[in-house]
Amino acid sequence: MTLETVSTNRSHGGIQGVYRHPSRETGTDMTFSVFVPPQAEAGEKRPVVWYLSGLTCTHANVTEKGEYRRACAELGLIFVAPDTSPRGDDVPDDEGYDFGKGAGFYVDATEAPWSKHFRMESYVARELPELIAAHFPADMARQAITGHSMGGHGALTLALKNPGRFKSVSAFAPIVAPARVPWGEKALTGYLGSDRAAWRRYDAAALIEDGARVPDILVDQGTADNFLAEQLRPELLAEACDKAGIPLILRVREGYDHSYYFISTFMEDHLRWHAERLAR
């Protein structure tokens, strides 16, 4: 578990770090960021909030624009932000922004040439948690997960497929049913092939229809989001949760778009919601 420190900076009494390591899952170097709150300096293990980013992003987008550190320092939360895909000259790519590098969709690809490197589900669900547990003062019995857009899709599906691992799950403008929207249809066809039955384990609404459960879900969605009607479709998550009896807090935010202005505005709300559940 070799870990290279790229940078560290003091912020709100804690340490914001960026780290790199050779990944066994992707076969590439992977970069991620971690904020460790000041409470951990006394050796106290702290709960972990995972943040999964959206299309075209790296760890840097939320690290630089997410405005999470003050709340995490107050609440004593470790905040981990992985990359969205493998990177490197040998990694296959696509001309579109919504597939290939920057668009791993948090799946383990089965189709060539993507299957060699695009193993983002296993990376985020297994390899990176092992690394965090080994190198940081993380209480791995208390984990929460959130994400934006494609990362909201990842957060929802990982929570639904790993019952009991995450004390809470939330999302900002998530892709809730990728099998029924253009972004998801392109990505799932490319990574997994044309058999739509294989897509269901990477579709939050389908997972709920098939019996997966979490205690509750928090979602924020802006009304001025250009992707709302065609790509995000939160009503499909609402329908699935209603039928399954899963409490869904779907907050519609008037005038907010898909950007980090939206995410940073409501980041503290999400962190406090997670902190309450992590403390139970």
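Refer to the structure presented above.
Caption draft 1: Structural view of the overall build of the protein chain. What the protein chain contains, in helices and strands, is nine helices and nine strands. The C-alpha radius of gyration computed for the protein chain amounts to 17 Å, which stays within 12% of the reference 19 Å derived for 280 residues, consistent with globular compactness. Along the first, second and third principal axes, the C-alpha atoms of the protein chain reach 50 × 40 × 35 Å. In the structure as shown, the protein chain presents an accessible area of about 11100 Å², 47% of it carried by carbon and sulfur atoms. Taken as two groups, the 30 positive and 38 negative side-chain charges of the protein chain have centres that lie 5 Å from each other.

Caption draft 2: Spatial organisation of the sheet that holds strand β1 (residues 4–11). In space, the nine strands of this open sheet follow the order β1-β2-β3-β5-β4-β6-β7-β8-β9, with mixed pairing throughout. The two strands at the open ends of the sheet, each matched to only one other strand, are β1 and β9 (248–253). Strand-to-strand twist of the sheet, defined as the mean angle between neighbouring strand axes without regard to direction, takes the value 20°. With eight bridges joining them, strand β2 (residues 14–22) and strand β3 (residues 29–36) adopt antiparallel strand pairing. Counted as the bridge partner of H21 is M30 from β3. Against the sheet, helix α8 (residues 234–244) makes contact with β8 (217–222) and β9, and its axis sits at roughly 155° relative to β9, the strand it touches most. Its contacts with the sheet put helix α9 (residues 260–278) on β4 (46–52), β5 (78–82), β6 (138–147), β7 (166–172), β8 and β9, and the angle it makes with β7 is roughly 165°.

Caption draft 3: Main features of the state of the cysteines. One pass over the full model with this rule turns up zero disulfides. Note on C72: no disulfide assigned, nearest cysteine sulfur contributed by C57 at a separation of 18 Å. Assessed through its relative accessible area of 0%, C72 is described here as buried.

Caption draft 4: Structural detail: α8. Along α8, the positions that sit buried rather than exposed are P234, L236, L237, A240 and C241. Around the axis of α8, the buried residues are gathered within 155° of arc, so they sit on the same side. With respect to the buried face of α8, the exposed residues turned more than 90 degrees away are D242 and K243. Once α8 finishes, G245 follows within two positions and takes phi at roughly 75°, a positive value.

Caption draft 5: Structural context of the nonpolar core. Among the nonpolar cores identified, the biggest contains 88 residues, and F79 and Y191 are the most heavily contacted of them. For this core, the element with the highest residue contribution is α9, accounting for eight residues. Once residues lying within four places of it in the same chain are set aside, the contact partners of Y191 are F99, G100, A103, G104, F105, V107, A109, T110, E111, W114 and F118.

Caption draft 6: Structural view of the pairing of β5. Taking burial as the measure, the five residues of β5 include five buried ones, the bulk of the element. Residues of β5 alternate between two faces, with I78, V80 and P82 on one and F79 and A81 on the opposite face, all of them buried. For β3 and β5, the ladder comprises four bridges, and the chain directions are antiparallel. If you follow F35 over to β5, its bridge partner there is F79. Here β4 runs beside β5; their pairing, made up of three bridges, is parallel.

Cut-offs and rules
Just so you know, the residues in each chain are numbered from 1, in the order the chain's sequence is written. With pLDDT at 70 or above as the cut-off, local features in this predicted model cover only qualifying residues; side-chain atom pairs require 80 or more to be listed or tallied, and sums for whole chains, interfaces and linings still use all residues. With hydrogens and water set aside, each side-chain value is computed from the structure's full complement of heavy atoms. Helical segments are the DSSP runs of H or I of at least four residues, strand segments are the runs of E of at least two, and each set is numbered from the N terminus. For this measure, only C-alpha atoms enter the radius of gyration; the expected value for a globule follows 2.2 Å times N^0.38, where N is the number of residues. Per-residue and other accessible areas follow the Shrake-Rupley method at a 1.4 Å probe size, with only the shown protein chains counted as cover for residues. In this tally Asp and Glu are treated as negative and Lys and Arg as positive; neither His nor the chain ends contributes. Where a charge lies is defined by one atom per residue type, namely NZ (Lys), CZ (Arg), CG (Asp) and CD (Glu). When DSSP locates at least two bridges between a pair of strands, those strands are taken to pair. Lines fitted to C-alpha atoms define the axes here, with helix axes fitted over just the stretch in contact, and angles between the N-to-C directions of these axes take values from 0 to 180 degrees. In what follows, a contact means two residues having at least one pair of non-hydrogen atoms within 4.5 Å. Any two cysteine sulfur atoms within 2.5 Å of one another count as a disulfide. Each residue gets one of three labels from its accessible area relative to the maximum for its type: buried under 20%, exposed over 50%, partly exposed in between, using a 1.4 Å probe on protein chains only. Arc definition: it is the arc formed by the directions from the helix axis to the C-beta atoms. Only buried residues count toward a nonpolar core, which is a set of Ala, Val, Leu, Ile, Met, Phe, Trp, Tyr and Cys residues joined through side-chain atoms within 4.5 Å.

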